[in-house]
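Read off the chains here:
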Amino acid sequence: MKNLCLLFFIVLGVSSCQWGVPNKVNEKSFDTLHYAYKVIKARAADCGTKSDSACTVVKINYPVFDSAKALNDTIVAKLTLMFAMDGKADSSLELMTKNFLKSYDDFKKTDPRSGMFFTLDDSVKVIHQDSSLTTLQVQGYTYTGGAHGGTSVTFINWDSKAGKNLRLADIFATGYHDKLNAVAEKIFRKNEKLSDTASLAANYFFKDNKFALNTNFSITPLGIKFLYNQYDIKPYAAGITELFIPYAQIKSLVQPGSVVSQFIK
């Protein structure tokens, strides 16, 4: 009986020690949005015993949030539009997967090269979350038989309280555009090792050869990161271009009371 009692208190003690151990990445504190990752994976009918790296495979890894339908819908919309043919997005990820595999089957009927296969690899990652902001990175790669594949990286900056994807106008004060653009151009020219007066005509694709920020950005605790994808402002071989603006340089432009104001010191 004594041994049984001793065992009981040992188990109770272990349980108490484990009570404060945090759960893995998918578990969030009470004031943030809870989510769990979901994976959709499908292989073409002719894959057989081939590895994923040697046959046509669709893989989509993304978070599904509890009680946040609008955010979940936004994630799906981003994924289905990312590589949509003719700009027409499918109504669901499952339908997108089905149609992608069908496009491969149709391709094989006209071009039966034995070594040719397609790839669609998409992912959405939660890269920041606090009680008012959830920032997600939406990234994808696809190959459909061309000279090379295509890569895309975009972001969702979700206002958890308002239930919407934030625009630049939601975080900066009225009339911010020209001032923000001027600060960004100085950083861009420094990053690219260009003088203040160097022409942008030769190596960049800016409209009218004038620097311009895009609207592909992520909110971080230290500043705003803008990202230009392949072909946005440079040739494919130049890859992705990132431009980071610290809050110290733009804090006067931040809208008081916006989700960004919590990071301004």
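A few points on the structure. (Residues numbered from 1 in each chain as written. Predicted model: local features only at pLDDT ≥ 70, side-chain atom pairs only at ≥ 80, totals over all residues. Heavy atoms only, no water.)

Things to note about the packing of aromatic side chains
And then number 1: For the coordinates displayed, the defined rule picks out 15 aromatic pairs.
And then number 2: Arranged with centres 5.1 Å apart and planes meeting at 40°, the rings of Phe 188 and Phe 211 form a pair that is tilted. Of the two residues, Phe 188 sits in helix 5 (residues 177-191) while Phe 211 sits in the loop between helix 5 and strand 7 (217-219), which places them 23 residues apart along the sequence.
And then number 3: For the ring pair Phe 206 and Tyr 228, a centre distance of 6.2 Å and an interplane angle of 90° mean the geometry is edge-to-face. Note that Phe 206 is positioned in the loop between helix 5 and strand 7 and Tyr 228 in strand 8 (residues 223-228), a separation of 22 residues in sequence. Accessibility assignment for this pair places Phe 206 and Tyr 228 in one class, buried.
And then number 4: Three or more aromatic residues link up through ring pairs in this structure, and these residues are Phe 188, Tyr 204, Phe 206, Phe 211 and Tyr 228. (Phe/Tyr/Trp six-rings, centres within 6.5 Å; stacked < 30°, edge-to-face > 60°. Helix = DSSP H or I, 4+ residues; strand = E, 2+ residues; numbered from the N terminus. Buried < 20%, exposed > 50% of the residue type's maximum accessible area, 1.4 Å probe, protein only.)

Describing helix 5
And then number 1: With 15 residues, helix 5 extends 21 Å from end C-alpha to end C-alpha; this agrees with the ideal 21 Å at 1.5 Å per step.
And then number 2: Buried residues of helix 5: Leu 180, Asn 181, Val 183, Ala 184, Ile 187, Phe 188 and Arg 189, and no others.
And then number 3: Buried positions along helix 5 lie against strand 8 and strand 9 (241-246).
And then number 4: Lys 193 sits one or two positions beyond helix 5 and adopts a positive phi of about 60°. (Expected span 1.5 Å × (residues − 1). Contact = heavy atoms within 4.5 Å.)

A look at the environment of Leu 194
And then number 1: Note that Leu 194 resides in the loop between helix 5 and strand 7.
And then number 2: On the basis of relative accessibility, which here comes to 22%, the residue Leu 194 falls in the partly exposed class.

Remarks on unusual backbone geometry
And then number 1: Unusually for a residue other than glycine, Asp 208 sits at a positive phi of about 55°.
And then number 2: For Asp 208, the location among the structural elements is in the loop between helix 5 and strand 7.
And then number 3: Look at Tyr 231: it is not a glycine, yet its phi comes out positive at around 75°.
And then number 4: Along the chain, the position of Tyr 231 falls in the loop between strand 8 and strand 9.

Topic: the pairing of strand 3 (residues 119-129)
And then number 1: By the bridge criterion, five bridges tie strand 2 (residues 57-65) to strand 3 in an arrangement that is parallel. In the strand pairing of strand 3, Val 58 is matched with Leu 120.
And then number 2: If you look at the hairpin formed by strand 3 and strand 4 (residues 133-143), you'll find three residues sitting between the two strands. (Pairing = 2+ DSSP bridges.)

So, the pattern of salt bridges
And then number 1: Considering all chains together, one arrives at 10 salt bridges under this definition.
And then number 2: Among the salt bridges present, the one from Lys 102 reaches Asp 106, with a minimum N-O distance of 2.9 Å. Of this pair, Lys 102 and Asp 106 both sit in helix 3 (residues 93-110), four residues apart, which is roughly one turn of that helix.
And then number 3: On the basis of relative accessibility, which here comes to 32%, the residue Asp 106 falls in the partly exposed class.
And then number 4: Linking Lys 225 and Glu 242 is a salt bridge whose minimum nitrogen-to-oxygen distance equals 3.8 Å. You can see Lys 225 sitting in strand 8 and its partner Glu 242 sitting in strand 9, a full 17 residues away along the chain. (Salt bridge = Lys/Arg side-chain N within 4 Å of Asp/Glu carboxyl O.)

Looking at the nonpolar core
And then number 1: Within the largest apolar cluster, 33 residues are counted, with the highest numbers of intra-cluster contacts made by Ile 60, Tyr 62, Phe 65, Leu 71, Ile 75, Leu 79 and Leu 136.
And then number 2: Take this core: its biggest share by element is six residues, from helix 3.
And then number 3: Contact partners of Ile 75, with chain neighbours within four places excluded, come to Tyr 62, Pro 63, Phe 65, Val 124, Leu 136 and Ile 156. (Core = buried A, V, L, I, M, F, W, Y, C linked by side-chain atoms within 4.5 Å.)

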